[in-house]
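# Results of the structural survey
Chain by chain, the residues run as shown.
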Amino acid sequence: MTRPRAKIVQPKAKRIIQERNKAVMYARVSTSEQEKEGFSIPAQQKLMREYAAQNGITIASEHVDVETAKRAGRTGFEEMLRYIRSHPSVRTILVEKTDRLYRNLKDWVTVDGLDIEIHFVKENVVLSRDSRSSEKFMHGIKVLMAKNYIDNLSEETRKGMLEKAEQGIWPTFAPLGYVNVMGPLGKKVITIDPDIGPLVTRVFEWFESGQYSLKEVTQLAVRAGLRYRKSGKPVGVSTINTMLRSRIYTGSFEWLGKLYKGSHTPLTTFATWSNVQEILDGRSISNVHGNRLQFAYTGLITCGHCGCAVTAEIKKGRYIYYHCSRFKGRCPERYVREEALDEQFAAVLRRLRLDDASFRLIERAIRESHADERRDRDESVERLRAEADRLQHRLDTLYLDKIDGRVTVEFHDRVSATWREERDRTLRDMESLHAAEDDLIDDGLALLDFARTAHNQFADQPLATKRRALNLILSNSSFAGGALTVTFREPFGILEKIGETGGSGPAPKGGKKPPFLELAP
């Protein structure tokens, strides 16, 4: 009789090791420009695959995002989170560096709640639940820097839009009646929409006649075929009102509070637009509101008894008192003077203890951790410089060809304009790269320095400074029984705990705790 084959039972320890060695891999570029400048997805993937091979890690799933820095929602990131939640055996993420994984503090909180191990390959950092508080704090500062860098990218975008405005080019999506097209110099410009543009002109003419209300003009426009470009739905009254108020249809436009002469073709005359403004102003009902008083802590504190917002008011023309809004009914919480809240918030901020020596250690560690990024940046700058030199050489050669009569003046002017624009854009990119990394580090350290010193003369700080400090450092604040209770945002919560214990690890023999970060690698 044939004996049944024995069932092979895999040792539990071996199964645990195999499960721990499974990982998901995530790569991201924040813009299509970064794809061109040496931050490519294949380069990130190659680095992480080599790391996985060297450390015996099996890549169970790969996820990729190529998106703009501020676009809501990342398909690859969300897919990665779903994969991790549905595969309990995969508790590791491989990613190139901090700013590839997180775009904002919400991403950090989401990933941190998964209780997983993260390998930041290029930074040579492994972060998990068991990591030391100093390591978690350093990681939190890097997350703040990544967020700050994304904000800087947004600011650079705004600068580019301002530059277009100064050249007379409408910087963003075309308003109703115009469409975006590529201009002769490689920049997007607006031109009249042949279908909708004439209808916009008629809207101004109808309203200028004084015979129609806004609602009636809207009805006329809808019957004439005026629709939203994307949805195809009929326009609403608010859209017609915005259109009639917009100066862009006169050939000029306002951008960031400044008026510019546009290079686009107007859809109505300035005289017609001015008449329309007078009619709109004359029909509007005067409704002048006084400026709302601004208080330092409104919107930042909730009542610890009932959860309602804490609001403020002025008594006797000079004293500011805070109290529960009593939105849910009667509340036992008593009024409190602003000076008392100043003292309590200053005491809260004083708990973020970080001496000068520890701060210098943090600064040195962060700057050293960005050495690889600095090398990448320098390589990108060199490539851009070579491209700018190549374009300049083309311009010089083309100019000589014009002088020698080998090309016509018309050909020279047309081609040189395009090449000059490409060269100028390359030089701007090079300048931005030169400053971006240093600004990222300096701004991040400035945030940390601001947080640790915000308690100094807190009561005497301007209102905006107080609100900025508290919004940066605190996530929740409540007041009950005359006492303030707060929750620190990370990584400042870690900094508070370090301040409570006096260090980041157990005390050595002799009872003296080591300085902050001495235990960090």
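Every residue gets a number counted from 1 within its own chain, in the order that chain's sequence is written. Predicted model: local features are reported for residues with pLDDT of at least 70 only, side-chain atom pairs are reported and counted for 80 or more only, and whole-chain, interface and lining totals are derived from all residues. Excluded from the side-chain calculations are hydrogens and water; all other atoms, namely the structure's heavy atoms, are used.

## Side note on the pairing of strand 15 (residues 483-488)
A simple rule labels every residue: compare its accessible area, found with a 1.4 Å probe on the protein chains alone, to the largest value its type can have, and call it buried under 20%, exposed over 50%, or partly exposed in between. Here a helix means four or more residues in a row that DSSP labels H or I, a strand means two or more in a row labelled E, and each is numbered from the N terminus. Burial along strand 15 is one-sided: Leu484, Val486 and Phe488 are buried, and none of Ala483, Thr485 and Thr487, which face the opposite way, are. Any two strands between which DSSP finds at least two bridges are classified as paired. Where strand 14 (residues 474-480) and strand 15 come together, six bridges link them in antiparallel fashion. Bridge pairing links Ala480 to Ala483 in strand 15. Here strand 14 folds back onto strand 15, and the loop between the two strands holds two residues, one of which, Gly481, carries a positive phi near 60°.

## A closer look at the confidence of the model for the chain
In this model, the chain carries a mean pLDDT of 77, and residues with pLDDT of at least 70 account for 76%. Values of pLDDT, which run from 0 to 100, indicate the predictor's confidence residue by residue. Across the chain, strand 3 (residues 92-95) holds the top mean pLDDT of 94, while helix 2 (residues 32-36) sits lowest at 46. Counting interchain partners and residues more than four positions distant, the pLDDT-below-50 stretch residues 285-292 has zero contacts. We call two residues contacting when some pair of their heavy atoms lies within 4.5 Å. Across residues 503-521, where pLDDT falls below 50, the model places 37 contacts with residues more than four positions away in sequence or in other chains.

## Some thoughts on a nonpolar patch on the surface
Any residue with relative accessible area above 30% and no salt bridge may belong to a patch, with like charges joined within 9 Å and the nonpolar Val, Leu, Ile, Met, Phe, Trp and Tyr side chains within 5 Å. All accessible-area figures derive from a Shrake-Rupley calculation using a 1.4 Å probe, and residue coverage is judged against the displayed protein chains alone. The term salt bridge refers to a side-chain nitrogen of Lys or Arg lying within 4 Å of a carboxyl oxygen of Asp or Glu. A cluster of nonpolar side chains, namely Tyr399, Leu400 and Ile403, defines an oily patch on the protein surface of about 320 Å² accessible area. If you trace the backbone, Leu400 turns up in helix 14 (residues 371-403).

## Details of the side chain of Asp401
Note that Asp401 resides in helix 14. With relative accessibility at 17%, the residue Asp401 sits in the buried group. Apart from the residues lying within four places of it in its own chain, the contact partners of Asp401 are Arg406 and Val407.

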